[in-house]
Amino acid sequence: MTPNLYEAIQAERGKYPAGSESAVLPALRLAQAEHGWLSPDVIREVADALDETPAYVKSIASFYDQFHLAPIGEHLVEVCTNVSCAVVGAQQVVEAFENGLGCRAGETSADGKVTLRAVECLGGCGWATIVAVDHHYRTHVEADDVPAIVEELRGT
Ligand code: FES
């Protein structure tokens, strides 16, 4: 762990004098921002920095979709497949990404460019189907829109 990351985690910890448990989420966000994903070594380092157990820290990390417990591609595509998006064709959008990227949801394309995930509600139900590309929402996405998005991501 870099000194800067350690100091940032301690700063978060200082905001919660009642206990370091509340600092786990911000610490994991900081660690993921630095490393790209949360390896077992990073989980252990975060736990050590907060005087928590690695098992506890991993239990938090594994609960939230926002944390990556395996390496991800240069780009992250998350397709909402919850009800509002499902009724307007989210599954077809997922399949179009799978075909365009040559990988299944939950995997990364062979060139390492794009990780594809099917996720629960992204909170943009009125603009279904929602696709988050590197955390920026694309709205009213249809399967026919997907090839252009794949081409865009492969070109960057
Ligand atoms: S159901 Fe897709 S954004 Fe809510």
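Shown above is the structure to which this text applies.
Because the structure is a prediction, the values reported are computed rather than measured. (Residues numbered from 1 in each chain as written. Predicted model: local features only at pLDDT ≥ 70, side-chain atom pairs only at ≥ 80, totals over all residues. Heavy atoms only, no water.)

(A) Expanded view of helix 6 (residues 90-101). For helix 6, which comprises 12 residues, the first-to-last C-alpha distance of 16 Å matches the rise-based estimate of 16 Å (1.5 Å per residue) to within 8%. Of all the residues in helix 6, the buried ones are Ala90, Val93, Val94, Ala96, Phe97, Glu98 and Leu101. Phi for glycine 102, located one or two positions after helix 6, is positive at around 70 degrees. (Helix = DSSP H or I, 4+ residues; strand = E, 2+ residues; numbered from the N terminus. Expected span 1.5 Å × (residues − 1). Buried < 20%, exposed > 50% of the residue type's maximum accessible area, 1.4 Å probe, protein only.)

(B) Structural view of the state of the cysteines. Here the structure, examined in full by the defined rule, presents zero disulfides. Take cysteine 103: it sits in no disulfide, and the sulfur closest to it among the cysteines is that of cysteine 80, at 19 Å. Residue cysteine 103 is classed as buried on the basis of its relative accessible area, which comes to 5%. (Disulfide = S-S within 2.5 Å.)

(C) Inspection of unusual backbone geometry at higher detail. In this structure, the amide linkage connecting alanine 128 to the following residue, threonine 129, adopts the cis form with an omega of 0 degrees. By the element assignment, threonine 129 lies in the loop between strand 2 (114-119) and strand 3 (131-133). The backbone phi angle of aspartate 51 is positive, close to 55 degrees, even though this residue is not glycine. Of note in the backbone geometry, aspartate 134 takes a positive phi value of approximately 50 degrees without being a glycine. Looking at the element boundaries, aspartate 134 is found in the loop between strand 3 and strand 4 (136-138). Exposure remark for aspartate 134: the relative accessible area of 26% places this residue in the partly exposed category.

(D) How the structure looks around the pairing of strand 2. Strand 2 sits mainly inside the fold: five of its six residues count as buried. Relative to strand 2, strand 1 (residues 75-80) runs parallel, the two sharing six bridges. Across the sheet, histidine 75 pairs through a bridge with valine 114, a residue of strand 2. (Pairing = 2+ DSSP bridges.)

(E) Local environment of the environment of glutamate 12. Topologically, glutamate 12 is positioned in helix 1 (residues 3-14). As for glutamate 12 and alanine 27, which are separated by 15 residues in sequence, their C-alpha atoms are 7.0 Å apart. Setting aside residues up to four positions removed in sequence, glutamate 12 forms contacts with Ala23, Pro26 and Leu30. (Contact = heavy atoms within 4.5 Å.)

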